[in-house]
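# A structural walkthrough
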2 protein chains.
Amino acid sequence: MSFSPLFERLVEAFRTLPGVGPKSAQRMALHLLERDRAGGERIVGALGEALARIGYCQRCRNLTEHDLCALCEDPRRDERMLCVVESPADLLAIEEAGGYRGRYFVLHGHLSPLDGIGPEELGLERLEAEVAGHDYEEVVLATNPTVEGEASAHYISEQLRPYEVRCTRLAYGVPLGGELEYVDVGTLSRAFSGRLPFTS
Amino acid sequence: MSFSPLFERLVEAFRTLPGVGPKSAQRMALHLLERDRAGGERIVGALGEALARIGYCQRCRNLTEHDLCALCEDPRRDERMLCVVESPADLLAIEEAGGYRGRYFVLHGHLSPLDGIGPEELGLERLEAEVAGHDYEEVVLATNPTVEGEASAHYISEQLRPYEVRCTRLAYGVPLGGELEYVDVGTLSRAFSGRLPFTS
Ligand SMILES: [Zn+2]
Ligand SMILES: [Zn+2]
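Predicted model, so just to flag it, every value in this text is computed and none were measured.

Basis of the calculations
- Residues numbered from 1 in each chain as written.
- Chains lettered and ligands numbered in written order.
- Predicted model: local features only at pLDDT ≥ 70, side-chain atom pairs only at ≥ 80, totals over all residues.
- Heavy atoms only, no water.
- Donors = N, O, S within 2.8 Å, 3.2 Å for Na, K, Ca; no water.
- Tetrahedral: all angles 85-135°; square planar, octahedral: opposite > 155°, others 65-115°.
- Buried < 20%, exposed > 50% of the residue type's maximum accessible area, 1.4 Å probe, protein only.
- Least-squares fit on C-alpha atoms with pLDDT ≥ 70 in both.
- Helix = DSSP H or I, 4+ residues; strand = E, 2+ residues; numbered from the N terminus.
- Contact = heavy atoms within 4.5 Å.
- Pairing = 2+ DSSP bridges.
- Axes fitted to C-alpha atoms, helices over the stretch in contact; angles between N-to-C directions.
- UniProt positions renumbered as here; feature names shortened; annotations may be inferred.
- Left-handed = near helix turned anticlockwise from the far one by under 90°.
- Nonpolar A, V, L, I, M, F, W, Y, C, P; charged D, E, K, R; others polar.
- Salt bridge = Lys/Arg side-chain N within 4 Å of Asp/Glu carboxyl O.
- Arc of directions from axis to C-beta.
- Expected span 1.5 Å × (residues − 1).

### Observations concerning the coordination of the zinc ion (ligand 1)
By definition of the ideal shapes, four donors in a tetrahedron about a metal sit 109.5 degrees apart, and six donors in an octahedron sit 90 or 180 degrees apart. Residue and element names in this part refer to chain A. Looking at the zinc ion (ligand 1), the protein donor atoms are Cys-57 (SG), Cys-60 (SG), Cys-69 (SG) and Cys-72 (SG), and they sit 2.3 to 2.4 Å from it. For the zinc ion (ligand 1), the four donor atoms in the first shell make angles of 102 to 119° at the metal, a pattern classed as tetrahedral. Of note, the zinc ion (ligand 1) draws all its donor residues from one chain, in the sequence arrangement C-x2-C-x8-C-x2-C. The exposure class of Cys-69 is buried, given its relative accessible area of 0%.

Okay, here's the thing in structure tokens:
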């Protein structure tokens, strides 16, 4: 049972959002139609414009509606460091963590030959040109600590070998505030072999 | 930090959805832009059309994009019963519970003089015309069991007094599967005074 085909279509459309089940989708549709039509119009406007205009930054492949993204336009970023991430979400997470002030390069995925995702899809030619054309001292390969992420980092480090640049990887270890008991064995073993001198 | 004004605007727009905080809004925006642009276009299309075309059913004030809603168009509904609800969400909940096969009338709120919501805003003239023009035997006043819902039900029962129709109210009592210990005192006292003969 539903009110109408149009209402049903709206509920179905909301279900494509991550973490939104049939109940939440219905609640969203009713909320906008009953209590916040102006909010609904704002979603239509902002989403329509974002889909039409947001693409990849020509330098770093971050999301942007301009040729260059806000980070690439920012002259205060450290030109000596480049951080390679799999997704804009990872970039945002690193920015939120704070501390890093260098530049980024966004792969939008990882190497996955079976899915047809190779160096071209990840923009690795652009990445190599970026490194060749600037005086980076270090490239942080901040791909995910997964098999595919590791493979992609390995591939990129080989690709950048001809350039005078140090490739690094994020430190592995037990997460801050985590209890050892609940840390998976792979992480624990990595943390063990990477143990550091104790300083108090 | 954000990618761009347009991305920021999209995240803000998603935050108007019920139960969506800043983190989920960002996740939604990134999901649609990175992984499901077609899904994003479906939301733009369905929401835009819904906002432009979905209004109130001319008979029962349910949401519909036509003159009459699917329920009013359905000849199999029982013409002898009318159920008055505060919102389309309540209507959907009753339909989902099953069992009721009569017609509905949607108030889109409850009497709230301080907020300027009176009989006119709730379409009570239309409701009276509906009852006057049909052979209803019973009107179920299924407004919420709140002070405002009770007051609205009382007002409507007075308004319908000139007509040969029985006004009823949903049964009060302890919710099925609930533990008495956790039932609020008002509900418990109502359930006590409304106690029924035990049948095994
Ligand atoms: Zn950029
Ligand atoms: Zn109707």
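From this point, the discussion proceeds with the structure in view.
### So, the relation of the copies chain A and chain B
Related by rotation about an axis and a shift along that axis, the two copies of the chain form a pair. Superposing chain A onto chain B takes a rotation of 180° plus a shift of 0.0 Å along the axis, which leaves an RMSD of 0.0 Å. Taken together, the rotation angle and the small translation identify this as a two-fold axis. Proximity to the rotation axis, assessed at the C-alpha, singles out Val-44 of chain A in chain A; its C-alpha lies 2.5 Å from the axis.

### Thoughts on the environment of Ile-43 of chain B
Within the fold, Ile-43 of chain B resides in helix H3 (residues 37-53). Between the C-alpha atom of Ile-43 of chain B and that of Arg-190 of chain B, which follows or precedes it by 147 residues, the distance is 45 Å. Non-local contacts of Ile-43 of chain B, meaning those with residues more than four positions away in its chain, are made with Ala-13, Phe-14, Thr-16, Leu-17 and Leu-47 of chain A together with Leu-32 and Gly-48 of chain B.

### Description of the sheet that holds strand S5 (residues 138-141) of chain B
All names here are of chain B. Strand order in the open sheet formed by four strands is S4-S3-S5-S6, and the pairing between neighbours is parallel. Each edge of the sheet is formed by a strand with only one pairing partner; in this case those strands are strand S4 (102-106) and strand S6 (166-169). Geometrically, the sheet is characterised by an average inter-axis angle of 25° between neighbouring strands, direction not taken into account. Sheet topology note: the strand S3 (residues 78-85)/S5 ladder contains four bridges and is parallel. Among the inter-strand pairings, Cys-83 is bridged to a residue of S5, identified as Val-140. The sheet contacts of helix H5 (residues 88-97) involve S3 and S4, and relative to S4 the element is tilted by about 160°.

### A look at the UniProt feature "zinc finger region: C4-type" (unreviewed entry) in chain A
Mapped onto the present numbering, the UniProt feature "zinc finger region: C4-type" (unreviewed entry) falls at residues 57-72 of chain A. Secondary structure content for residues 57-72 of chain A is 19% helix and 12% strand, while the C-alpha to C-alpha distance between its ends is 8 Å.

### Re the packing of helix H1 (residues 5-14) of chain A against H3 of chain B
Contact geometry for H1 of chain A and H3 of chain B: axes closest at 9 Å, N-to-C directions at 145°. The two elements H1 of chain A and H3 of chain B meet at a crossing, and its hand is left-handed. On the side of H1 of chain A, the interface is formed by Leu-6, Arg-9, Leu-10, Ala-13 and Phe-14 of chain A, while H3 of chain B contributes Arg-42, Ile-43, Gly-45, Ala-46, Leu-47, Glu-49, Ala-50 and Arg-53 of chain B. Grouping the amino acids of the contact of H1 of chain A with H3 of chain B by side-chain chemistry returns eight nonpolar, one polar and four charged.

### Regarding the pattern of salt bridges
Residue and element names in this part refer to chain A. Under the counting rule described, the total for this entry stands at 27 salt bridges over all chains. The shortest N-O distance in the salt bridge between Glu-79 and Arg-59 comes to 3.4 Å. Highlighted residues: Glu-79 in the loop between helix H4 (70-73) and strand S3 (81-85) and Arg-59 in the loop between strand S1 (55-56) and strand S2 (63-64), separated in sequence by 20 residues. Using a relative accessible area of 15% as the deciding quantity, one classes Arg-59 as buried. Residues joined by salt bridges that share partners form a network here, namely Arg-59, Glu-79, Arg-103, Arg-126 and Glu-130.

### Topic: helix H1 (residues 5-14) of chain B
Considered for burial, the residues of H1 of chain B that qualify are Leu-6, Phe-7, Leu-10, Val-11, Ala-13 and Phe-14 of chain B. Axial view of H1 of chain B: buried residues confined to an arc of 160°, hence all on one face.

### Re helix H7 (residues 147-159) of chain A
Residue and element names in this part refer to chain A. Taking 1.5 Å as the rise per residue, H7 with 13 residues should run 18 Å; its terminal C-alpha atoms sit 18 Å apart, in good agreement. Where H7 is concerned, the buried positions are Gly-149, Ser-152, Ala-153, Ile-156 and Gln-159. All buried residues of H7 lie within an arc of 125° about the axis, which places them on one face of the element. Residues of H7 that are exposed and point over 90 degrees away from its buried face: Val-147 and His-154. Packing partners of the buried residues in H7 comprise S3, helix H6 (124-132), strand S5 (138-141) and strand S6 (166-169).

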